[in-house]
Amino acid sequence: MHRRLLLMAASSIAVALSSGALAQGTIKVGFPMILSGPGALFGEPALKGAQMYVEEINAKGGVLGRKIQLIPRDTKGNADEAVRVARDLILRDDVQFIVGTLTSAEGPAVSTIAKENKVVFIAPIPKTDQLTAPANLHPYVFRSASNTTIEGRTAAEIVAKWPVMRIATIAPDYAYGQDVTKAFVEHLKKIKPGVEIVDQQWPKLGEADYTPFINAQLGKKPEAVYSSLWGGHFVTFAKQAKPLGYFQALNNNFIGVGEAGSIESTRSMGADYPVGIWANTYDIFDWPEGPPAHKDYIARLKKFTKEETPSSWPVTGYIGMQFLVEAIAKAGSVESDKVSAALKGLAIDSPIGKLTMRAKDQQANHGQFWGRTRMDPKYPFAVLENVTRIDPAPFMD
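Residues numbered from 1 in each chain as written. Predicted model: local features only at pLDDT ≥ 70, side-chain atom pairs only at ≥ 80, totals over all residues. Heavy atoms only, no water.

Peer 1: Teacher, can you tell me more about the side chain of Thr-132 here?
Peer 2: Looking at the secondary structure, you find Thr-132 in the loop between strand S4 (120-123) and strand S5 (141-143). By relative accessible area, Thr-132 is classed as buried at 9%. Setting aside anything within four residues of it in sequence, one finds Thr-132 in contact with Leu-137, Arg-143, Asp-361, Gln-362 and Gln-363. (Helix = DSSP H or I, 4+ residues; strand = E, 2+ residues; numbered from the N terminus. Buried < 20%, exposed > 50% of the residue type's maximum accessible area, 1.4 Å probe, protein only. Contact = heavy atoms within 4.5 Å.)

Peer 1: What's the story with the sheet that holds strand S3 (residues 97-99) in this structure? I'm lost.
Peer 2: The strands making up a sheet associate through backbone hydrogen bonding, with each pair oriented either parallel or antiparallel. Taken together, five strands build an open sheet; the order of strands is S2-S1-S3-S4-S5 and the sheet is parallel. Two strands in the sheet have a free side with no partner beyond their single neighbour: strand S2 (68-74) and S5. Going across the sheet, the axis of each strand differs from the next one's by a mean of 20 degrees, ignoring polarity. Pairing between S4 and S5: three bridges, direction parallel. When the bridges of S5 are listed, Ala-123 appears paired with Arg-143. (Pairing = 2+ DSSP bridges. Axes fitted to C-alpha atoms, helices over the stretch in contact; angles between N-to-C directions.)

Peer 1: Would you explain the packing of aromatic side chains in this entry?
Peer 2: Overall, the coordinates contain 21 aromatic pairs when judged by the stated rule. Ring geometry for Phe-285 versus Tyr-379: centroids 5.2 Å apart, planes at 80 degrees, classification edge-to-face. Pair noted here: Phe-285 is in the loop between strand S10 (278-281) and helix H11 (292-305) and Tyr-379 is in the loop between strand S13 (369-375) and strand S14 (382-389), with a separation of 94 residues, a long-range link. Judged by its relative accessible area of 16%, Tyr-379 is buried. When the ring centre of Phe-369 is taken as origin, the NZ or CZ atom of Arg-389, which lies over that ring, is 5.8 Å away. (Phe/Tyr/Trp six-rings, centres within 6.5 Å; stacked < 30°, edge-to-face > 60°. Lys NZ or Arg CZ within 6 Å of the ring centre and 35° of its normal.)

Peer 1: Where do I start with the sheet that holds strand S6 (residues 166-170) in this structure?
Peer 2: With mixed pairing, the seven strands of this open sheet are ordered in space as S7-S6-S8-S9-S10-S13-S14. Either end of the sheet is taken by a strand with one partner, and the two such strands are strand S7 (196-201) and S14. Recorded for the sheet is a direction-independent mean angle of 25 degrees between the axes of neighbouring strands. Relative to S10, strand S9 (residues 254-256) is paired through two bridges, and the arrangement is parallel. Counterpart to Gly-256 in the pairing with S10 is Ala-279. The strands touched by helix H6 (residues 175-191) are S6, S7 and strand S8 (224-227); relative to S6, the strand with the most contacts, the crossing angle is about 170 degrees.

Peer 1: Can you help me understand the side chain of Thr-148 in this one?
Peer 2: Along the polypeptide, Thr-148 turns up in helix H5 (residues 148-159). You can call Thr-148 buried: its relative accessible area is 0%. Filtering out sequence-adjacent residues up to four positions away, Thr-148 remains in contact with Lys-127, Thr-128, Asp-129, Tyr-176, Asp-179, Val-180 and Ala-183.

Peer 1: How should I be thinking about the environment of Arg-66 in this particular structure?
Peer 2: With respect to the helices, strands and loops of the structure, Arg-66 is situated in the loop between helix H2 (40-59) and S2. Using a relative accessible area of 22% as the deciding quantity, one classes Arg-66 as partly exposed. A C-alpha to C-alpha distance of 47 Å links Arg-66 and His-187, two positions 121 residues apart in sequence. One polar contact links the side chain of Arg-66 to the main-chain carbonyl oxygen of Gly-25, over a distance of 2.9 Å. (Polar contact = N/O pair within 3.5 Å; in protein donor to acceptor, adjacent residues only side chain to side chain.)

Dropping the structure here:
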């Protein structure tokens, strides 16, 4: 009996030591993301993209001989909650890196936590210029997403070609909405002198009733509208605006940034979507001119998500994780300072083409797809036509 107890104790110790060794062998990555509320329309698929990349890289043996462990947490779209979650991931879950956040309120807030704890933080979605502005830049913050300067100026290039002079804007009243609208207005006035901004509406983020803003804007009789309402916020706005004749009054001269043309938005709205407007998206499942790598990615994504027409947002989480893992491999280490150095100037072959993380501002040259929406008999939701992926390089400085 005594011998049996000793053997059982030895076995238990061996199992415990084995589990500890396994835990030490994983590379932990925290993934704070909006997984509830209106923002989850984009947050959930972004997480799936990250999970897909981790599953694929782990199947190949991981990086540096170690598997990746992705730890997602719901930020609820709240900056304070994002900060709490980020701290918890670092101090309690012992994550070595953070990839995530969605809004331009969450990103800068988590950046300060990354700086305090010297943890590399890659933002795959937040676009506000403030995130990597000179005053806020530090060695541990990187952005694999587009930014408000790129997005606003690109939209201005498109609108400048329209036969309109009276322009209105509607944007959520926080960092992203303010920054991207400013970039749009300033660039439009520069390339199309004489254009008039006749109205600007600023509903709060998460507004439930857009009717007063819609009616006020219609009263100013704009010829075109630039919007940066996104995700479930755009869905709510469009469903309220369409019955009021808003898009009809504009002859569909409406451009929705913030990925208003994403399949997440068009599919969720179905017949309620304002077909005929211009919009952008991070990815499209039917990109005939895309590289073979994109077609292969879409095929794998269909299998992973079990969707025949997969979402556009998984590519954000996928690319964020790809930048991190390739930087770890380049550094040959998981030490933050070494990975940070490896990220600066790092070029990756992403599913949508080669992307580079610029060393001077730790910003990737990540553009978007643009086009006018139309109905296609093959799908029960709107898709983009005459799609173009505009090079962001001319609009990054």
